Amino acid sequence: MTGQDTLLTLAKGKLNITWDDTGTNARLEAILNDAIPVVCNMVGLVYSYTVQEALDEEGEVFDFSAPSMERNVLLNYISYEWNHRTDIFRSAYWQEIAACRQRHELLAAEAANSTEEAEDSTEETEDNDEDSTEDADGTDDSE
């Protein structure tokens, strides 16, 4: 079962849809496909329209089918969309949205800091390599 199939099954369970109908399945799948980029924006994930996947702060694919706060927000958003009530969704779930967003912002900052530290380390190594090309009298032999 793919991640998309898992999400559809979970959404059906959330909505108490126990029947299998082509029209119902098509509507639910359309809602799911539209909901993922919206929820990504809310919770601080990036949605790549190129690969049509949610990406985390490190550029890795985020798996909404795995248990998480983000999945909970997504399934609740789908429920509100199913009932044509997304206008009140944010006010009902602002705490969960804010918690997810804060966590992803923190992880993004940590990822940016580790990237900067790696770049600084590379620059120091290059500086040390340049210093080693000088003679003992301080002249540069690299020219």
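Worth saying up front: this structure is predicted, and the values here are computed from it rather than measured.

Caption draft 1: Fine view of the nonpolar core. Formed by 30 residues in total, the largest nonpolar core has its most connected members in Leu-28, Ile-36, Phe-64, Leu-74, Ile-78 and Phe-89. Looking at this core, the elements that each hand over two or more residues are helix 1 (3–14), helix 2 (22–43), helix 3 (69–82) and helix 4 (89–131). If we ignore the near neighbours within four places in the chain, the residues touching Leu-74 are Leu-7, Leu-32, Ala-35, Ile-36, Val-39 and Phe-64.

Caption draft 2: Representation of the side chain of Lys-12. As for its position among the elements, Lys-12 is in helix 1. We classify Lys-12 as buried; its relative accessible area is 19%. At 3.4 Å, the side chain of Lys-12 forms a polar contact with the side chain of Asp-20. When neighbours within four sequence positions are excluded, Lys-12 is seen to be in contact with Ile-17, Trp-19, Asp-20, Asn-25 and Leu-28.

Caption draft 3: Spatial organisation of helix 2. For helix 2, with 22 residues, the first-to-last C-alpha span of 31 Å sits near the 32 Å given by 1.5 Å per residue. A maximum bend of about 30 degrees is found in helix 2 at Ala-35, where proline Pro-37 lies one to four positions downstream. The set of residues buried in helix 2 consists of Thr-24, Leu-28, Ile-31, Leu-32, Ala-35, Ile-36, Pro-37, Val-39, Cys-40, Met-42 and Val-43. The N-cap of helix 2, judged by a side-chain oxygen 3.2 Å from the amide nitrogen of Gly-23 a few residues on, is Asp-21. In the stretch just after helix 2, Gly-44 is the one whose phi turns positive, near 95 degrees.

Caption draft 4: Geometry of the side chain of Ser-79. By the secondary structure assignment, Ser-79 is in helix 3. Other than its neighbours up to four places away in sequence, Ser-79 contacts Lys-14 and Leu-15.

Caption draft 5: Fine view of the packing of aromatic side chains. Summed over the entire model, instances satisfying the criterion amount to six aromatic pairs. Relative to Tyr-93, the ring of Phe-89 has its centre 4.9 Å away and its plane inclined at 20 degrees; by these criteria the two rings are stacked. Taken together, the positions of Phe-89 and Tyr-93, both in helix 4 and four residues apart, correspond to about one turn of that helix. Here the aromatic cluster, defined as three or more aromatic residues joined through ring pairs, consists of Tyr-77, Tyr-80, Phe-89 and Tyr-93. Over the ring of Trp-82 we find Arg-27, and its NZ or CZ is 4.1 Å from the ring centre.

Caption draft 6: Local environment of the pattern of salt bridges. For the structure on display, the rule yields four salt bridges. Among the ionic pairs, Lys-12 bridges to Asp-20, the shortest N-O distance being 3.4 Å. Two residues, Arg-85 and Asp-87, come together in a salt bridge whose shortest N-O distance is 3.2 Å.

Caption draft 7: Quick peek at the packing of helix 1 against helix 2. Packing of helix 1 against helix 2 brings their axes to within 10 Å, and their N-to-C directions diverge by 110 degrees. Relative to helix 2, helix 1 is oriented roughly perpendicular. Handedness of the crossing formed by helix 1 with helix 2: right-handed. In this structure, helix 1 contributes Gln-4, Leu-7, Leu-8, Ala-11 and Lys-12 to the contact, and helix 2 contributes Asn-25, Leu-28, Glu-29, Leu-32, Asn-33 and Ile-36.

Caption draft 8: Spatial organisation of the environment of Phe-89. Accessibility expressed as a relative area gives 0% for Phe-89, which makes it buried. Sequence separation of Phe-89 and Val-73 is 16 residues, and the distance between their C-alpha atoms is 9.6 Å. The residues contacting Phe-89, other than those within four sequence positions of it, are Met-42, Val-73, Asn-76, Tyr-77, Tyr-80 and Ile-97.

The rules behind each value
Residues numbered from 1 in each chain as written. Predicted model: local features only at pLDDT ≥ 70, side-chain atom pairs only at ≥ 80, totals over all residues. Heavy atoms only, no water. Core = buried A, V, L, I, M, F, W, Y, C linked by side-chain atoms within 4.5 Å. Buried < 20%, exposed > 50% of the residue type's maximum accessible area, 1.4 Å probe, protein only. Helix = DSSP H or I, 4+ residues; strand = E, 2+ residues; numbered from the N terminus. Contact = heavy atoms within 4.5 Å. Polar contact = N/O pair within 3.5 Å; in protein donor to acceptor, adjacent residues only side chain to side chain. Expected span 1.5 Å × (residues − 1). Bend = angle between axes of the 7 residues up to and from the residue. Phe/Tyr/Trp six-rings, centres within 6.5 Å; stacked < 30°, edge-to-face > 60°. Lys NZ or Arg CZ within 6 Å of the ring centre and 35° of its normal. Salt bridge = Lys/Arg side-chain N within 4 Å of Asp/Glu carboxyl O. Axes fitted to C-alpha atoms, helices over the stretch in contact; angles between N-to-C directions. Parallel < 35°, antiparallel > 145°, perpendicular 65-115°, else oblique. Left-handed = near helix turned anticlockwise from the far one by under 90°.

All quantities given are derived from atomic positions and should not be read as evidence of function.
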